[in-house]
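Structural overview for review
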Amino acid sequence: MKRLNSFLSGVWVEGEGEGSTLLNPTTGEALATCSTEGLDLREALRFSREQGGRSLAEMSFTERGALLVEMSKAIHAQRELLIELGQKNAGNTRGDAKFDIDGASHTLMHYGKLAETLGEGNILFDGEPEPVARGGRLVGQHVLVPRGGVAIHINAFNFPAWGLAEKAACSLLAGMPVLSKPATSTALMTHALVEAVAPIMPEGTLSLLCGRVGDLLDHVEWSDVIAFTGSADTGDKIRQHPQVLQSGAAVNIEADSLNAMILDSDAEDATYDAFIRHAHTEITQKSGQKCTAVRRLLVPRDRLDEVVEDLSERFGRTTVGDPTLDGVTMGPLSTLSQKTAALEGLAALQGHAKVVYGGPDGLLRAAEGADLTNGAFVTPTLLQTEGPCDANSPVHNLEVFGPVSTIIPFDGSAAEAVQQVRHGRGCLVSAIYADDRRFLQETILGLAAWNGRLVVIDEQVAEKALAPGLVTPQLLHGGPGRAGGGEELGGLRGMKLYQQRCALQGNGPKIARLIRG
Ligand code: NAP
């Protein structure tokens, strides 16, 4: 069986002991093992900080951008292999795997091109010089420089390719070396991706830790950054880790989120169609295992029957099964423990909402090859509450990480829709499908502070509108409150986490000449 090594201190190294076993969630077959036991993570961080930091400090923004472009191309060159691994190890359909892998190469390419706007230097000016005394020569110039440490990236199981790439693009461009730790259960694809890019990486700039986190965080220093994506529980553990607290290292958390979609009573046909199309995509793509997938559907009472009927009709055309087979449009969850967690969550929601489509009792149509005992299959499931729920309801608090979403009927007013979405206490993304100006205004103003991204869809953009769960490198990814309070991507904004702002005060013209070289 394949053994996944880690890439630390510039070499591939193998952990001791049996370690963890990675499975195929369609069949239960064991695919690989990996272990971090016995690995010298203190030394790995030191090497990355010093050697990787030096390698990047010697590169201009243009050169770092060129590196990102090369990484993007190296990933694209291995696309077919990576798709195969996503199908085997993560339960991805071909489309799901492409979404992850192409998202990775696209994001790296985007930042590679963005670098061309930053010039030949490697320090960013932040605003104009500020006079601090009469005469004009004595000024303060704010600049952004890379933090001196290593960017420790801890990722969730659902995006083994994009998760590494979206974080690495921002930190490498900012000038911080990366140590990436994928979730153990789906690390096969990340491992192959790093194998593909490792030969082109300047020494120390990219490290990979395959397997459990071990004592990694015990060696964090103040100049490091920890960027985490995963559950709110793990995020809290990282925030409260004694060495993380004591060192004062920067922490960015992307956690779970009860994302919402709101339909207005008066939505035009095209707007309504986009709502149905997007709800179906968000519930079934990657089997609902996207942090940005919709969990709550706010539907006005007078359109309830129509929405249930149209969504059910679409779910009826969704074929669940072995994702390597033609015609299968939704695969299993990534692991059996995710299936157990999803079914437990679904049971908890059923105390507050009735099932209107699907449900816990197995599959509607299992495609050939699907092992229903050892496979982590969950059927697309739609629940519906009686009406609006109070803030403590699981409907607003429990993220079922699978193809499960709950319709919350409301009275059609913007005020009630806003109140319901706010009960989620901070989301990565919510979407409003409406054509009425007043409804749009009230919901946008009422929800902007509760969301990292707010998607507004009217009939003029409905046909081409992207489903709200699609994260693009141009726009902010992250959200307030329960969503973790973190910020990633958003073009150049994504570099800020990895940069220190310093006010250089003194002889303005001289400082400018020194910095520009
Ligand atoms: P998870 O269990 O929290 O694990 C996430 C990562 O943290 C994994 O790499 C895991 O490693 C690691 N980890 C576990 N315990 C740790 C500890 N004590 N210290 C440091 N790292 C530790 O989450 P998951 O099950 O992989 O992902 C699902 C969750 O992620 C969902 O709730 C989803 O909403 C959220 N998510 C959020 C975003 C976002 O951008 N906001 C994106 C994707 C997913 P092991 O795998 O080795 O245990």
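Scoring rules and cut-offs
- Residues numbered from 1 in each chain as written.
- Predicted model: local features only at pLDDT ≥ 70, side-chain atom pairs only at ≥ 80, totals over all residues.
- Heavy atoms only, no water.
- Pairing = 2+ DSSP bridges.
- Helix = DSSP H or I, 4+ residues; strand = E, 2+ residues; numbered from the N terminus.
- Axes fitted to C-alpha atoms, helices over the stretch in contact; angles between N-to-C directions.
- Contact = heavy atoms within 4.5 Å.
- Near = heavy atom within 4 Å.
- Polar contact = N/O pair within 3.5 Å; in protein donor to acceptor, adjacent residues only side chain to side chain.
- Areas by Shrake-Rupley, 256 points an atom, 1.4 Å probe, with all protein chains shown as cover.
- Nonpolar A, V, L, I, M, F, W, Y, C, P; charged D, E, K, R; others polar.
- Domains from an automatic or database assignment.
- Buried area = accessible area lost by both parts, 1.4 Å probe.
- Salt bridge = Lys/Arg side-chain N within 4 Å of Asp/Glu carboxyl O.
- Buried < 20%, exposed > 50% of the residue type's maximum accessible area, 1.4 Å probe, protein only.
- Expected span 1.5 Å × (residues − 1).

**Overview of the sheet that holds strand E5 (residues 30-34)**
In sheet architecture, strand pairing relies on hydrogen bonds along the backbone and comes in two forms, parallel and antiparallel. Strand order in the open sheet made by the three strands is E1-E5-E4, with mixed pairing throughout. Looking at the sheet topology across the chains shown, the edges are occupied by strand E1 (2-4) and strand E4 (20-23). Within the sheet, the average angular offset between the axes of one strand and its neighbour, ignoring direction, is 35 degrees. Pairing of E1 with E5 involves three bridges; the strand directions are parallel. Considered in E5, the bridge of Leu4 is made with Cys34. Helix H6 (residues 187-197) rests against E1, E4 and E5 of the sheet, and its axis sits at about 75 degrees to E1.

**Considering the site of the ligand**
Around the ligand, the surrounding shell holds 28 residues, and the nearest of these are Asn155, Thr184, Ser231, Thr234 and Glu399. The separation between an oxygen atom of the ligand and a polar side-chain atom of Lys181 is 3.0 Å. Expressed as a share of its isolated accessible area of 920 Å², the protein-covered part of the ligand is 84%. At the level of secondary structure, the elements contributing two or more residues to the shell around the ligand comprise strand E12 (225-229) and helix H7 (232-240). The element contributing the most residues to the shell around the ligand is H7, with three residues. Here the shell around the ligand is composed, by residue class, of twelve nonpolar, ten polar and six charged.

**A look at the domain arrangement of the protein chain**
The accessible area lost on association of the parts is a frequent measure of interface size. Along its sequence, the protein chain is organised into domain 1 (2-124 + 147-256) and domain 2 (259-477). Inter-centroid distance (C-alpha atoms) of domain 1 to domain 2 is 29 Å. Taken residue by residue, the interface counts 27 residues in domain 1 and 32 residues in domain 2. Between domain 1 and domain 2 lies a buried interface of about 2300 Å² when both sides are counted; carbon and sulfur atoms form 59% of it. If you sort the residues of domain 1 by the area they bury against domain 2, Thr26, Phe99 and Phe157 come out on top, with a joint share of 24%. Taken together, the connections running from domain 1 to domain 2 amount to zero salt bridges. Viewed at the interface, domain 2 and domain 1 are joined by six residue pairs in polar contact (both at pLDDT 80 or more). Elements supplying a minimum of two residues to the side of domain 1 that touches domain 2: helix H3 (79-89) and helix H4 (94-115). If one sorts the elements of the side of domain 1 that touches domain 2 by residue count, H4 sits on top with eight residues. For the side of domain 1 that touches domain 2, the residue count by class is eight nonpolar, 14 polar and five charged.

**So, unusual backbone geometry**
With glycine set apart, most residues show a phi of negative sign, and most peptide bonds adopt trans. In this structure, Ser9 takes a positive phi of about 50 degrees despite not being glycine. With respect to the helices and strands, Ser9 occurs in the loop between strand E2 (6-8) and strand E3 (11-13). Even without being glycine, Ser287 reaches a positive phi, approximately 50 degrees. Of note, Ser287 is situated in the loop between helix H9 (269-284) and strand E15 (294-300).

**A few points about the pattern of salt bridges**
A complete count under the given rule lists 19 salt bridges for this structure. For Arg49, the salt bridge is made with Asp224, and the minimal N-O distance between the two is 2.8 Å. Of the two residues, Arg49 sits in helix H1 (residues 41-57) while Asp224 sits in the loop between strand E11 (206-208) and E12, which places them 175 residues apart along the sequence. By relative accessible area, Asp224 is classed as buried at 0%.

**Looking at the pairing of E4**
Of the two faces of E4, the one lined by Ser20 and Leu22 is fully buried and the one lined by Thr21 and Leu23 carries no buried residue. Alignment of E4 against E5, held across four bridges, turns out to be antiparallel. Following the sheet pairing, Ser20 is matched in E5 by Cys34. Turn length for the E4-E5 hairpin, with the two strands adjacent in sequence and antiparallel, is six residues, and the turn residue Gly28 shows positive phi of about 85 degrees.

**With respect to the environment of Glu58**
Along the chain, Glu58 turns up in the loop between H1 and helix H2 (61-77). In this structure the C-alpha to C-alpha distance between Glu58 and Asn122, which are 64 residues apart in sequence, comes to 8.6 Å.

**Observations concerning H9**
Owing to its 3.6 residues per turn, the α-helix brings residues three or four apart onto one side. The terminal C-alpha atoms of H9, which comprises 16 residues, lie 23 Å apart, in line with the 22 Å expected from a rise of 1.5 Å per residue. For H9, every residue scored as buried is listed here: Thr271, Tyr272, Ala274, Phe275, Ile276, His278, Ala279, His280, Glu282, Ile283 and Thr284. Just downstream of H9, Lys286 is the residue with a positive phi angle, here 50 degrees.

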